[in-house]
There are 2 protein chains.
Amino acid sequence: MNNRAIGIGLLGMGVVGSEVARNLLQQAERLEKQVGRTLALRRVAVRDPGRHRDLSLPAALLTADPNAVIGDSSVHVVVELMGGLHPAGDCIRAALSQRKHVVTANKEVIAAYGPELTRLAEEHEVNLLFEASVGGGIPIIGPLRKDLLANHVSSIHAIINGTTNYILTRMSQEGASFQAALRQAQELGYAEANPANDVEGADAAYKLAILSSLAFHTPVTGSDVYREGISKLSAVDFRYARELGYAIKLLAIARQEDGAVSLRVHPCLLPADQLLAKVDGVFNAIEVEGDLVGKVVFHGRGAGPKPTASAVLGDIIEAARSFAEGRKPARSGSVSHALRVMPMDDLCTQYYFRVTVADRAGVLAKIATVLGDLSISIASVIQKASDAASQTAELVIMTHPAREAHVQQAIRHMQALDVVREVSSVIRVEARG
Amino acid sequence: MNNRAIGIGLLGMGVVGSEVARNLLQQAERLEKQVGRTLALRRVAVRDPGRHRDLSLPAALLTADPNAVIGDSSVHVVVELMGGLHPAGDCIRAALSQRKHVVTANKEVIAAYGPELTRLAEEHEVNLLFEASVGGGIPIIGPLRKDLLANHVSSIHAIINGTTNYILTRMSQEGASFQAALRQAQELGYAEANPANDVEGADAAYKLAILSSLAFHTPVTGSDVYREGISKLSAVDFRYARELGYAIKLLAIARQEDGAVSLRVHPCLLPADQLLAKVDGVFNAIEVEGDLVGKVVFHGRGAGPKPTASAVLGDIIEAARSFAEGRKPARSGSVSHALRVMPMDDLCTQYYFRVTVADRAGVLAKIATVLGDLSISIASVIQKASDAASQTAELVIMTHPAREAHVQQAIRHMQALDVVREVSSVIRVEARG
């Protein structure tokens, strides 16, 4: 066995970076068995090299300069765990250009520059691996890049943000408000102090862009994804949904039809007996449907230092093997055709409305007229508890498939009715077979 | 693009072989995009080349001699879909020795000779790929060989036989007897005329051996796996299990502890709220637990021509890319240590007993004494319907964790009691956190 060590350079020492470093140091033997060569942590770029670290790394390893890591001739694999677009994107570019293998968990960078960086990696015959960018430790990038390649993938349905799934689970199981559930998530470290990136769906949109690019062999970026967060959901919607046989989940959905892809992240009513409806707490699940494989679901912990380190270290092993054996990296799936992104207005799906109305006769007729005029056909209406004090009642309306553009118009028209106090909730319904 | 075609040779044209051939012919463009080169089906070995085939293959392609396919110099990738140990094992050996890449769906061969054939493939610098051997189209071999490699895998819990899971689902949902559910499965083509291989657990044992070899980096064969089939289960056990909050599934379980592995396939009581308990019909699911990733579950169609072809074609793409790019195949995970196989007698788990007893006072005391004398501690006892005609009653006993050897002794001692008519069922309970 050739045992010259393979040099690893680390950019970023947050919770994931620390866990990766801990494994490189403390599980060296296990990793060496899998690679056939020793992995040596050679340089680590951190924001403040003077700050105390949990791991007793020799001070000489630490630097504040990412380029000192990338440019170190004893570093063969650069592991980018800084997060955020800048300077991470430039660091990855620099590393690939210097023929370093790159492993990253950075969903933002891959969602924005994935195809460009993949070309750069192929040009320099090095690996660019990003299994950890989606679904934490759940193997999903590997299967899409390899095992499922023979399929024409028609759709992806995914719960890929643990923070929001935790919040929705609390709201569903305890009738908690969004604010209360968010506070709980923050106390447990599942949500950040500024939770916007998670609760407004941006994080899930990045991840969906990455999955879609691979599944559909087309360049998709985060900004191609329509998104709507969970902050406007009410506890009462969960109760009504349950009565109707549905769960409410923040779904990331990509669908390929007629040479176009629709890409969206928003709360969804999902039939309670479906596998995704049963994914609770901080867990993630990704369902891929292909013409050969049918539906295949990947389920596990989508975040956290250990699961994410599992994916990062798996990629490090792959990059290190490839370096050790002088293998050229495998071609990535071809990004052959640029599919059109379907405008959200053209979406055709079912809808759940909760409308607060004046508690008197004739109200339903007026609402039904608004919907009927826009070709929105009603599947069911239930009148819920009236409030004597405010003299209002709630109507819960489920529609048959309708066009999004019409639904948006209908919302405006309903709000203009004198009998309507408020269109309180509009949630899309994903009722699949 | 270098467009000399890559030659594919097919051994076997059953339902899976036909589906693979159909895709090679009809989805040639899709596959070419992923490989970067054309895939050409060059030779096909079938039992009877004269028999009518669905696909209109030129007669010149067909031969009855597998060696004519393997030895054909225009064949670069040999796809073995004959099934069974002989002559498939020798065909794979011959192909690897002639430096042909090999793709197989053959669980029996891989379970028996996996480590030997893997060494042979490495020696000749070709790929031996067998994603289709476990779980049909579900990507599980790839993730174990790559994505999850950084983990110390502690256990695998899997539903990996669609036939038995279909039968158990019918028994559970309709109160059907084993024989009736089996007939139903046979009518639908989910069970073979001779169903022994599936219902007695041999098929699941092969697959568990393959998964365990990869997960624990140790050579495991099908004969290392303890197995017990489902033919002795009664409809009444499903009812009692449900009342106690459990489902009954045929589980394949592998666990690594203290330098040993325990390997077993048998019916199990499984808490109804667990993901695996909800896997119904012909679906498969594989749960892998690792120290970093936690529990990750892979779910999908575990059999059928299309899902299996998805995995076979994915492997063909990988082998063809590797051939086209002149890449050496990736090293497989090291098979570094031979772990001891734990004797079944040493298993420690919980048990469900259904005992048919004389319907009179004092019976429970006698049974409790038998169990107590063997250090088997009772968690709960429920007396079920007595039968006035035969003057018998049923006792359903759940135990705390006990040693298998003691439980086997207890069964004999109970059967010897004059008050016991029959120990009607003994089912192990998998009660995990």
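Residues numbered from 1 in each chain as written. Chains lettered and ligands numbered in written order. Predicted model: local features only at pLDDT ≥ 70, side-chain atom pairs only at ≥ 80, totals over all residues. Heavy atoms only, no water.

Participant: Hey, could you run me through the pairing of strand 7 (residues 153–159) of chain A in this one?
Facilitator: Residue and element names in this part refer to chain A. The element strand 7 is largely enclosed, with a buried count of six among its seven residues. Sheet topology note: the strand 7/strand 11 (residues 283–290) ladder contains six bridges and is antiparallel. Within strand 11, the residue paired with I156 across the bridge is V288. Inspection of the sheet shows strand 7 paired to strand 9 (residues 246–257) by four bridges, in the antiparallel sense. If you follow A158 over to strand 9, its bridge partner there is A252. (Buried < 20%, exposed > 50% of the residue type's maximum accessible area, 1.4 Å probe, protein only. Helix = DSSP H or I, 4+ residues; strand = E, 2+ residues; numbered from the N terminus. Pairing = 2+ DSSP bridges.)

Participant: Explain the domain arrangement of chain A to me, please; I cannot follow it from the model alone.
Facilitator: The parts lose accessible area when they come together, and the size of an interface is often stated as this lost area. Residues and elements named next belong to chain A. Along its sequence, chain A is organised into domain 1 (6–136 + 305–324), domain 2 (141–301) and domain 3 (345–429). In this structure, domain 1 and domain 2 have C-alpha centres spaced 27 Å apart. Summing both partners gives a buried area of about 1,300 Å² for domain 1 against domain 2, and 68% of it is carried by carbon and sulfur. The largest share of the area that domain 1 buries against domain 2 comes from K107, A111 and V134, three residues that together contribute 39% of it. Our count for the contact surface shared by domain 1 and domain 2 stands at one salt bridge. The shortest N-O distance in the salt bridge between K107 and D203 comes to 3.2 Å. Every element with two or more residues in the side of domain 1 that touches domain 2 is listed here: helix 5 (107–123) and strand 6 (128–129). Here the side of domain 1 that touches domain 2 takes six residues from helix 5, the largest share from any one element. For the side of domain 1 that touches domain 2, the class distribution of residues is nine nonpolar, three polar and three charged. (Domains from an automatic or database assignment. Buried area = accessible area lost by both parts, 1.4 Å probe. Salt bridge = Lys/Arg side-chain N within 4 Å of Asp/Glu carboxyl O. Nonpolar A, V, L, I, M, F, W, Y, C, P; charged D, E, K, R; others polar.)

Participant: Can you walk me through the interface of chain A and chain B in this structure?
Facilitator: With 54 residues of chain A at the interface, the matching set in chain B holds 54 residues. In total, about 4,500 Å² of surface goes out of reach between chain A and chain B, with carbon and sulfur atoms giving 52% of it. The tally of links from chain A across to chain B stands at four salt bridges. E318 of chain B is the salt-bridge partner of K146 of chain A, the closest N and O atoms lying 3.2 Å from each other. There are 12 residue pairs in polar contact (both at pLDDT 80 or more) connecting chain A and chain B. Counting residues per element, the ones that place at least two in the side of chain A that touches chain B are helix 1 (15–26), helix 2 (28–35), helix 6 (141–145), strand 12 (294–301) and helix 12 (305–324) of chain A. Per-element tally for the side of chain A that touches chain B: the top contributor is helix 12 of chain A, with eight residues. Classifying every residue of the side of chain A that touches chain B by side-chain character gives 19 nonpolar, 17 polar and 18 charged. Two strands pair when backbone bridges link them, and strand 12 of chain A and strand 12 (residues 294–301) of chain B are joined in this way by three bridges, in the antiparallel orientation. (Contact = heavy atoms within 4.5 Å. Polar contact = N/O pair within 3.5 Å; in protein donor to acceptor, adjacent residues only side chain to side chain.)

Participant: Which parts of the structure should I look at to understand the pattern of salt bridges?
Facilitator: When the charged atoms of two side chains lie near each other, side chains of opposite charge can form a pair. Enumeration over the complete set of coordinates arrives at 38 salt bridges over all chains. Two residues, R354 of chain A and D237 of chain A, come together in a salt bridge whose shortest N-O distance is 2.7 Å. Of the two residues, R354 of chain A is situated in strand 14 (residues 348–358) and D237 of chain A in helix 11 (residues 235–243); the sequence distance between them amounts to 117 residues. The salt bridge partner of R403 of chain B is D346 of chain B, with a shortest N-O separation of 2.8 Å. Placement of R403 of chain B in strand 17 (residues 402–403) and of D346 of chain B in the loop between strand 13 (340–341) and strand 14 (348–358) is noted, with a sequence separation of 57 residues between them. Where salt bridges share partners, they join E19, R22 and K306 of chain A into one cluster.

Participant: I keep staring at the packing of aromatic side chains and nothing clicks. Help me out?
Facilitator: Aromatic rings in a pair are described by how distant their centres are and how their planes are angled relative to each other. Residue and element names in this part refer to chain A. In this structure the tally under the stated criterion is three aromatic pairs over all chains. With a centroid separation of 4.9 Å and 65° between ring planes, the pair formed by Y166 and Y190 is classed as edge-to-face. In this pair, Y166 sits in helix 7 (residues 162–174) while Y190 sits in the loop between helix 8 (178–187) and helix 9 (196–199), placing the two residues 24 residues apart along the sequence. Between R93 and the ring centre of Y113, over which it is positioned, the NZ or CZ distance is 4.8 Å. (Phe/Tyr/Trp six-rings, centres within 6.5 Å; stacked < 30°, edge-to-face > 60°. Lys NZ or Arg CZ within 6 Å of the ring centre and 35° of its normal.)

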